[in-house]
Amino acid sequence: NHLDLDSDDDCIPDEIEARLGTDPNLAETFTTILDDGPESEQARAKETYDPSKDILTVEFCNVAEDRMLWRVTFAATPTPENSVLHLYVDGDADPATGREGPPNGGYTGCDYMVSMAGGSTSCGHFLPDHSRVNGPPVTYVVVGNAILMTADVDLGRDAEGIRYAIYVLSHNTTGGGG
């Protein structure tokens, strides 16, 4: 089946790679940047628990120049139509630039807010003076229990490679939390 073709054997079908803007002939190599595991047994027992919003891992891959790819894996298949997923990316790892917030606020200093909400995408770019403009286009796809998202964002680099900070938020479209 041509829909299952994966020329580089990286578990991302060629058709999905084309949508994400990655190279189907070059295997993506992900680095795990968050290994959260499932919510506690107590949290999972609550009537309001939704495994499709429960983030297990976040992985990252630089696929070309400023094209970044994140894979966010959930406890169950995500449902974009009723989900919100925000990646608050502090591209320079400097809380003094980017988004303003209270001291020690989780999203203070983020330079990009890469989002999928209700099945639509957006990206806010917070400039060093704290103003917000529209950021680059964001593409996402669901593959199994994961959402893969790409965006062309400028991340800090040093001799060791790419360096940035990230905060991740997942919840349903009717409220926060998670």
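Everything numeric here is computed off the predicted structure, so don't read it as measured data.

What counts and what doesn't
- Residues numbered from 1 in each chain as written.
- Predicted model: local features only at pLDDT ≥ 70, side-chain atom pairs only at ≥ 80, totals over all residues.
- Heavy atoms only, no water.
- Salt bridge = Lys/Arg side-chain N within 4 Å of Asp/Glu carboxyl O.
- Buried < 20%, exposed > 50% of the residue type's maximum accessible area, 1.4 Å probe, protein only.
- Phe/Tyr/Trp six-rings, centres within 6.5 Å; stacked < 30°, edge-to-face > 60°.
- Helix = DSSP H or I, 4+ residues; strand = E, 2+ residues; numbered from the N terminus.
- Pairing = 2+ DSSP bridges.
- Axes fitted to C-alpha atoms, helices over the stretch in contact; angles between N-to-C directions.

## What about the pattern of salt bridges?
Here is step 1 of the chain: A full pass over the atoms with the stated rule returns six salt bridges.
Here is step 2 of the chain: A salt bridge links Arg-163 to Asp-158; the nearest nitrogen and oxygen atoms lie 3.3 Å apart.
Here is step 3 of the chain: Note on Arg-163: relative accessible area 39%, which makes it partly exposed.
Here is step 4 of the chain: Several salt bridges share partner residues, and in doing so they unite Asp-158, Glu-160 and Arg-163 into one network.

## Considering the packing of aromatic side chains
Here is step 1 of the chain: Per the counting criterion, the structure on display carries two aromatic pairs.
Here is step 2 of the chain: With a centroid separation of 5.8 Å and an interplanar angle of 50°, the aromatic rings of Phe-60 and Trp-70 are classed as tilted. Residue Phe-60 is found in strand 2 (residues 55-64), and its partner Trp-70 is found in strand 3 (residues 67-74); the two are separated by ten residues along the sequence. The pair formed by Phe-60 and Trp-70 is uniform in burial state, with each residue classed as buried.

## What about the sheet that holds strand 4 (residues 83-90)?
Here is step 1 of the chain: Taking strand neighbours across the sheet as the criterion, the five strands line up as 7-6-5-4-12 in an open arrangement whose pairing is antiparallel. The open sheet is flanked by strand 7 (132-134) and strand 12 (165-172), the only strands paired with a single partner. Here the average twist between neighbouring strands, direction ignored, is 20°.
Here is step 2 of the chain: As paired elements, strand 4 and strand 12 share eight bridges and run antiparallel to each other. Residue pairing for strand 12: Leu-85 is matched across the bridge by Ser-170.

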